[in-house]
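What follows is the residue order along each chain.
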Amino acid sequence: MTLSKLMIAAAVLATLPLAAQAAPPARVAPKVAVEGAWCRAAPKGAPAGGCYLTLTASAADQLVSVETPAAARAEIHTMSMDGGVMRMRKLSEGLPLPAGQAVALKPGAEHLMVIGPKIDLAVGASVPLTLRFKSAPPVTINAPVKAVGGK
Ligand SMILES: [Cu+2]
């Protein structure tokens, strides 16, 4: 190897760590896509109503809380059979969202509960919901109110 070739080799080696440092880390900010949101219509004066949607997280995440200005509070609920009776309970730990997997909150399963609605949950109304996640930034959507059994 000639001296000039050695110098080129040394120069290339010297620039390698710099090049590695200059490249930004290949990380995309976590994001959760929200689709198909709706709330079930409830009779005037109903104490609570259910809202449903599908969440797809770009990286493993967790739905930790829900807020709405349209009700006293909102909770993440799940339903399960308890001695032959369907019961719902609050998921105080939140709802896990596996990476790239659509998680559907739907009637009879996981859902969002708006408790003490301040608006009539009537067809044509909509419920603003802010979803908070462990990693991804919060997402605010407007869920239209649809008739029972509606899609
Ligand atoms: Cu519920």
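Keep in mind that this is a model prediction, so the values were computed, not measured.

**Describing the overall build of the protein**
Along its length, the protein carries one helix and ten strands. The N-to-C order of helical and strand elements in the protein reads α-β-β-β-β-β-β-β-β-β-β. For the protein, with 151 residues in total, the buried portion stands at 32%. Carbon and sulfur atoms form 62% of the exposed surface of the protein, whose accessible area is close to 9,100 Å².

**Here's the deal with the coordination of the copper ion**
Protein-derived ligands of the copper ion are H77 (ND1), M88 (SD), H111 (NE2) and M113 (SD), with the metal-ligand distances lying across 2.1 to 2.3 Å. With four donor atoms in place around the copper ion and angles of 98 to 116° between them, the coordination shape is tetrahedral. On the primary sequence, the residues serving as donors to the copper ion are separated as H-x10-M-x22-H-x1-M. Of the two residues, H77 sits in strand β4 (residues 71-82) while H111 sits in strand β8 (residues 111-117), which places them 34 residues apart along the sequence. The residues H77 and H111 share a single accessibility class, namely buried.

**Some thoughts on the packing of aromatic side chains**
Going through the model one piece at a time under the given rule, you end up with one aromatic pair. On the numbers, 4.8 Å between centres and 40° between planes, the contact of W38 with Y52 is tilted. Here Y52 lies in strand β2 (residues 48-57) and W38 lies in strand β1 (residues 32-40), a separation of 14 residues in the sequence. We classify W38 as buried; its relative accessible area is 9%.

**Focus: the pairing of strand β10 (residues 139-146)**
Every second residue of β10 is oriented toward a common face, the buried set being V139, I141, A143 and V145 and the non-buried set T140, N142, P144 and K146. Alignment of β1 against β10, held across two bridges, turns out to be parallel. Across the sheet, residue R40 finds its bridge partner in β10, namely K146. Two strands pair when backbone bridges link them, and strand β9 (residues 126-133) and β10 are joined in this way by six bridges, in the antiparallel orientation. Paired with V127 across the bridge in β10 is A143. Adjacent in sequence and paired antiparallel, β9 and β10 are bridged by five residues.

**Structural notes on the environment of V34**
Its location among the elements puts V34 in strand β1. Setting aside residues up to four positions removed in sequence, V34 forms contacts with L53, T54, L55, L131, V139 and I141.

Cut-offs and rules
- Residues numbered from 1 in each chain as written.
- Predicted model: local features only at pLDDT ≥ 70, side-chain atom pairs only at ≥ 80, totals over all residues.
- Heavy atoms only, no water.
- Helix = DSSP H or I, 4+ residues; strand = E, 2+ residues; numbered from the N terminus.
- Buried < 20%, exposed > 50% of the residue type's maximum accessible area, 1.4 Å probe, protein only.
- Areas by Shrake-Rupley, 256 points an atom, 1.4 Å probe, with all protein chains shown as cover.
- Donors = N, O, S within 2.8 Å, 3.2 Å for Na, K, Ca; no water.
- Tetrahedral: all angles 85-135°; square planar, octahedral: opposite > 155°, others 65-115°.
- Phe/Tyr/Trp six-rings, centres within 6.5 Å; stacked < 30°, edge-to-face > 60°.
- Pairing = 2+ DSSP bridges.
- Contact = heavy atoms within 4.5 Å.

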